[in-house]
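# Results of the structural survey
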Amino acid sequence: MNTTFASLILPVPLARTFSYRLPDDMAARASVGMRASVPFGKNHTYTGIIVALADAIPEGDFEVKDVLELLDEVPTVRPMQLELWRWIADYYMCAIGDVMKAALPSELKPEEGKQGIVRVDFRPKMKPFVRIILKDELADAFDLLKRSQRQQMLFTTLLDRSHALQQDVADAVAQDELLRASGSTTDVLRELVKKGLCEVFEQEVSRLDAPLADDQLQPLNELSEMQRVAYRDICQSFRDHAVTLLHGVTSSGKTEIYMHLMHEVIGQGRQVLMMVPEIALTTQLCQRLRRVFGSRMLVYHSKLSEPERAEIWKTLLRDDARIDLVLGVRSAIFLPFRQLGLIVVDEEHEPSYKQQDPAPRYHGRDVALVLANKHGAKVLLGSATPSLESWYLAQQGKYGLVQLKERHAGISMPSIQLVSMADARKQKGMNGPFTPRLLATLGHALRDGHQAILFQNRRGYAPTALCPSCGWSPHCPRCDVALTYHKSTRNFVCHYCGYQTPWPQQCPSCGNPNITLEGYGTERIEDTLKQILPVARPIRMDTDTTASRKSYERMLADFEAHKTNVLIGTQMVSKGLDFSEVQLVGVLNADSLMNMPDFRAHERAFQLMEQVSGRAGRRIGQEGEVLIQCSETRHPLLHQVVRHDYEGMADAQLADRRKYGFPPYTRLISVYIKGRYEDRTRRLAEQYAAAMRQSFGARVLGPEAPGISRVKNFYIQQILLKMEREANPTLVRQYLNRIHDAMVAANDEMMKVVFYYDVDPVG
Ligand code: ADP
Ligand code: ZN
Ligand code: ZN
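Residues numbered from 1 in each chain as written. Chains lettered and ligands numbered in written order. Predicted model: local features only at pLDDT ≥ 70, side-chain atom pairs only at ≥ 80, totals over all residues. Heavy atoms only, no water.

This next bit is on the packing of aromatic side chains. Per the stated rule, a full pass over the model turns up 21 aromatic pairs. Note on W87 and Y91: the rings are 4.8 Å apart at their centroids and 10 degrees apart in plane angle, and the pair reads as stacked. With a gap of four residues between them, W87 and Y91 both fall in helix 2 (residues 79-91), about one helical turn apart. With 5.1 Å between their ring centres and 35 degrees between their planes, Y688 and F755 make a pair best called tilted. A residue pair is termed long-range when its members are at least 10 positions apart, and Y688 in helix 22 (residues 678-696) and F755 in strand 32 (residues 754-759) qualify at 67 residues. An aromatic cluster of three or more residues is present, and its members are Y461, Y485, F492 and W503. (Phe/Tyr/Trp six-rings, centres within 6.5 Å; stacked < 30°, edge-to-face > 60°. Helix = DSSP H or I, 4+ residues; strand = E, 2+ residues; numbered from the N terminus.)

As structure tokens, then:
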């Protein structure tokens, strides 16, 4: 084929690719997946990815310009990744340029630029190294140094570290390491260089974790009888199901089983992706896997630096790099895998697998299924509390189902009890957010040397403040929400846009100087606990205190070492943590979990409570105890939690979902329209919904302003499309795209609002 034209994905929010002519010299070298820069519009230069090569101009593209430069010798993106990008753009109804932006590490990312090519590329990390220069006689060398003890010291260390006397060719030693080991300075080193005893040069180093030496690797744990049965059932299930759900109670050994499966697949020469929610990606889990899989494993999380991300990408692109396992968060689905044999999605029920903003608004678990399918790989979904979507498909026989109903080593499930806050209030017994029962049990456990976890789903100090005389309370000027008080910064903060304002001297509305705080966030719980229970040494874990991965890991290490004995936190404390001394778990306010305005609120509340309970009593001979504070003690959901009755919960919730037509019985697509002016936004949304009704009838709900109707000064309108599960998704999208095109053609105002879809919305 005489390739003369290339179609490119460009970083623009348009749902199409763009054609360019390839000059002869490039045409010979070009291949799909390479980056190229091209002129765009009047005076822009963009860099994009070649997705197709052709010998004729694709239809409809006229006025084709030339590619300016090919930026790669070998493709940066594999063909299968491009297929996945295309699927994501179609299914989640967003621009493929947006998918590309999300997928590529910025070091590799084609950047937009004005006038001139912006070269972005992976920069290897360089570090100074020292190489010893040995003359024939070692004695001569020492002779040169006899007047300086410090130089002798440095030289001896270099001799030792470079193995110069044991090997024919001495190793280069990292300069910083050498100086540290010898207690020297660069001045001393300079003297050695001057005397011709060594030289300093720059060498590329890896940004990735240093691998464990082979002798630190450990074999897999042997599976228990119960786990062996589950393992066998999973293998059996994979024969006729691409996807299998492993429903195993907390601490039943799901992770052990994953590791055995991974080992097996890796042995067949195929790669494994293990996905975890960001917050479950603890050092504990990394170390556990690292000990078995060593340097064949890479870890991919959101707090990596951009160069680290690019290095992981480049490493995986090399087919000779022996990377067998990637442990990663949602975005790891974008990595350039060679050949996947297995994807494990741990905690598959976690809502954080869904990306909310910006586009692509994809679900990591659901994309993983598509990715696996492209590779011919199997998928294992694991959870103690599966999502109702996955549970339903397993019940239907579409997924295989394997269950582990007991904890490992005969450890019993923690006993869960409800504590009535209503009763405590009646008896005037509440001590801040604590019932007397929780406080007494906590004191007892701590005095016995145990540890505890307290769960509250609100960060900050107090959810809001109130003027008792006029009812004023602080609201965000840009969003339709109350401000949360943060004591550490003495500010009221908006959790939606970050707006901050200091505590007012007096009520801005009536002048009353005594404004009071309402409710309890994690910060206030920590404060209160310190005041009323001296034996407590609490530490707080939420997004405010764990901004860096380091601080998060320090907290976990301190807790592990018993420097602290109560871990107070938001949902962050509900998973992935495996501490053997946690005897008590307290849930401070279960009602607030159940009363969220969302059709998944009860499912989610069950999952959170069951997961956080699962942190208690993970050691043999010490039964865990869980106290759930609530006002509505008779709520059926709470009794399902008490009995650890996942299946009872699932049956009841699925019956409701069927009755009211919610997923998994339907599929939802939210249409969002956001604008600066309330009237215009509302008017457009109404017209839009009317247009949708012409095609979809009563399946269209709204428009409606969501619970939080304004964020960052944008008014929000939402239209919900509820489709039968059986409806053909491609057709549905075709209709929606047609409606959108017609709306844009008929109405200039559509250009003045933000418009997007959220497919399979979560929360
Ligand atoms: P889950 O993933 O189901 O919560 P884990 O795999 O984390 O359970 O197991 C819980 C604890 O029990 C871990 O500390 C783990 O090391 C231990 N454990 C589970 N199964 C085994 C086994 N077969 N051999 C040794 N330890 C095990
Ligand atoms: Zn007032
Ligand atoms: Zn705000």
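Neighbouring ligand 1 are 16 residues; E222, Q227, T255, R288 and D578 lie closest to it. S252 is positioned such that a nitrogen or oxygen atom in its backbone is 3.1 Å from an oxygen atom of ligand 1. For ligand 1, an oxygen atom lies 3.0 Å from a polar atom in the backbone of G253. In the complex, the protein chains occlude 78% of the 550 Å² of accessible area that ligand 1 would expose alone. Of all the elements, helix 9 (residues 254-267) adds the most residues to the shell around ligand 1, at three residues. Its residues placed into classes, the shell around ligand 1 shows two nonpolar, eight polar and six charged. (Near = heavy atom within 4 Å. Polar contact = N/O pair within 3.5 Å; in protein donor to acceptor, adjacent residues only side chain to side chain. Areas by Shrake-Rupley, 256 points an atom, 1.4 Å probe, with all protein chains shown as cover. Nonpolar A, V, L, I, M, F, W, Y, C, P; charged D, E, K, R; others polar.)

The next thing to look at is the coordination of the zinc ion (ligand 3). Around the zinc ion (ligand 3), the donor atoms from the protein are C476 (SG), C479 (SG), C494 (SG) and C497 (SG), and they sit 2.2 to 2.4 Å away. Considering all four donor atoms around the zinc ion (ligand 3), angles at the metal cover 105 to 114 degrees and the coordination shape is tetrahedral. Sequence positions of the residues that donate to the zinc ion (ligand 3) give the spacing C-x2-C-x14-C-x2-C. Pair noted here: C476 is in the loop between strand 19 (464-466) and strand 20 (484-486) and C494 is in the loop between strand 21 (491-493) and strand 22 (500-502), with a separation of 18 residues, a long-range link. Take C476 and C494: they sit in the same class, and that class is buried. (Donors = N, O, S within 2.8 Å, 3.2 Å for Na, K, Ca; no water. Tetrahedral: all angles 85-135°; square planar, octahedral: opposite > 155°, others 65-115°. Buried < 20%, exposed > 50% of the residue type's maximum accessible area, 1.4 Å probe, protein only.)

The next thing to look at is the pattern of salt bridges. Taken as a whole and judged by the stated rule, the model has 35 salt bridges. Its salt-bridge partner being D187, residue R190 comes within 3.2 Å of it at the nearest N-O pair. In this pair, R190 and D187 both sit in helix 7 (residues 186-194), three residues apart, roughly one turn of the helix. Here R309 makes a salt bridge to E306, at a shortest N to O gap of 3.5 Å. (Salt bridge = Lys/Arg side-chain N within 4 Å of Asp/Glu carboxyl O.)

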